[in-house]
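Summary of structural features
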Amino acid sequence: NGGFQVIEGRLETAGPGILRYKSEAFSGDFVASNQGLGLFLQAVENFAYDSIRIDLDGQSGDQIEIALHIDGKNPDLYGGTPFELNLSVSGRLDEIFRRSLETFRVPDAVRERIQELESR
């Protein structure tokens, strides 16, 4: 019916690598009040991972579970002490994603300019 189902799916890296993420969106009092988030954001600024694994289970229109597991270290944090980053999310994730895409609209001026260029 145009949907999908993933049963015990797994995506995994073939080897080690570097993960770098720095966001200006998370700052100030919000991060200061959430010690775990602050540590996570520091870690992923320069995270040398040994492995990344994503486990998926579920089907569209129903509960979907996603578990992210990253092993490694940030050589700039706590003397390069190894640690694990784990994140689990579950719910009707396909609907959340679909609705977030529906809210994205190309501004009229941009759409008109694209159509103008395509008609040339």
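Cut-offs used in this document
- Residues numbered from 1 in each chain as written.
- Predicted model: local features only at pLDDT ≥ 70, side-chain atom pairs only at ≥ 80, totals over all residues.
- Heavy atoms only, no water.
- Helix = DSSP H or I, 4+ residues; strand = E, 2+ residues; numbered from the N terminus.
- Buried < 20%, exposed > 50% of the residue type's maximum accessible area, 1.4 Å probe, protein only.
- Contact = heavy atoms within 4.5 Å.
- Areas by Shrake-Rupley, 256 points an atom, 1.4 Å probe, with all protein chains shown as cover.
- Pairing = 2+ DSSP bridges.
- Phe/Tyr/Trp six-rings, centres within 6.5 Å; stacked < 30°, edge-to-face > 60°.
- Salt bridge = Lys/Arg side-chain N within 4 Å of Asp/Glu carboxyl O.
- Core = buried A, V, L, I, M, F, W, Y, C linked by side-chain atoms within 4.5 Å.

1. Concerning the overall build of the protein
Tallying secondary structure elements over the protein gives 4 helices and 5 strands in all. Tracing the protein from N to C terminus, the helices and strands come up as β-β-α-α-β-β-β-α-α. Across the 120 residues of the protein, 20% fall into the buried class. Considering only residue pairs separated by 6 or more positions, the protein has 60% of its internal contacts joining residues 24 or more positions apart. Taken as a whole, the protein presents about 9200 Å² of accessible surface, with 53% of it coming from carbon and sulfur.

2. Remarks on unusual backbone geometry
With a phi angle near 50°, Glu8 is a residue other than glycine that sits in the positive phi range. Of note, Glu8 is situated in strand β1 (residues 5-12). By relative accessible area, which is 67% here, Glu8 ends up exposed.

3. Quick word on the pairing of strand β3 (residues 47-59)
Bridge analysis of β1 against β3 gives 6 bridges, and the strand direction is antiparallel. What sits directly across from Val6, in β3, is Gly58. For strand β2 (residues 17-19) and β3, the ladder comprises 3 bridges, and the chain directions are antiparallel. Bridging across to β3, Gly17 finds its partner in Tyr49. Sheet topology note: the β3/strand β4 (residues 64-73) ladder contains 10 bridges and is antiparallel. Bridging across to β4, Ala48 finds its partner in Lys73.

4. Some points on the packing of aromatic side chains
To describe a pair of aromatic rings, one takes the distance between the centres and the angle between the planes. Going through the model one piece at a time under the given rule, you end up with 1 aromatic pair. A ring pair is formed by Phe47 and Phe83, whose centres lie 5.6 Å apart and whose planes are at 70°; its orientation type is edge-to-face. Of this pair, Phe47 sits in strand β3 while Phe83 is found in strand β5 (residues 83-91), placing the two residues 36 residues apart along the sequence. Overall, Phe83 belongs to the partly exposed group, its relative accessible area being 22%.

5. Concerning the pattern of salt bridges
Across all of its chains, the model carries 5 salt bridges by this definition. Here Lys22 makes a salt bridge to Glu45, at a shortest N to O gap of 4.0 Å. You can see Lys22 sitting in the loop between β2 and α1 (28-32) and its partner Glu45 sitting in the loop between α2 (35-43) and β3, a full 23 residues away along the chain. Taking the relative accessible area as the measure of exposure, Lys22 reaches 61% and is therefore exposed.

6. Topic: the nonpolar core
Counting residues in each nonpolar core, the largest one holds 8 residues, listed as Ala43, Val44, Phe47, Tyr49, Ile52, Ile70, Leu77 and Leu85. Counting residues per element, this core draws most heavily on β3, at 3 residues. Every residue in contact with Ala43, bar those within four places of it in the chain, is listed here: Asn74, Leu77 and Phe83.

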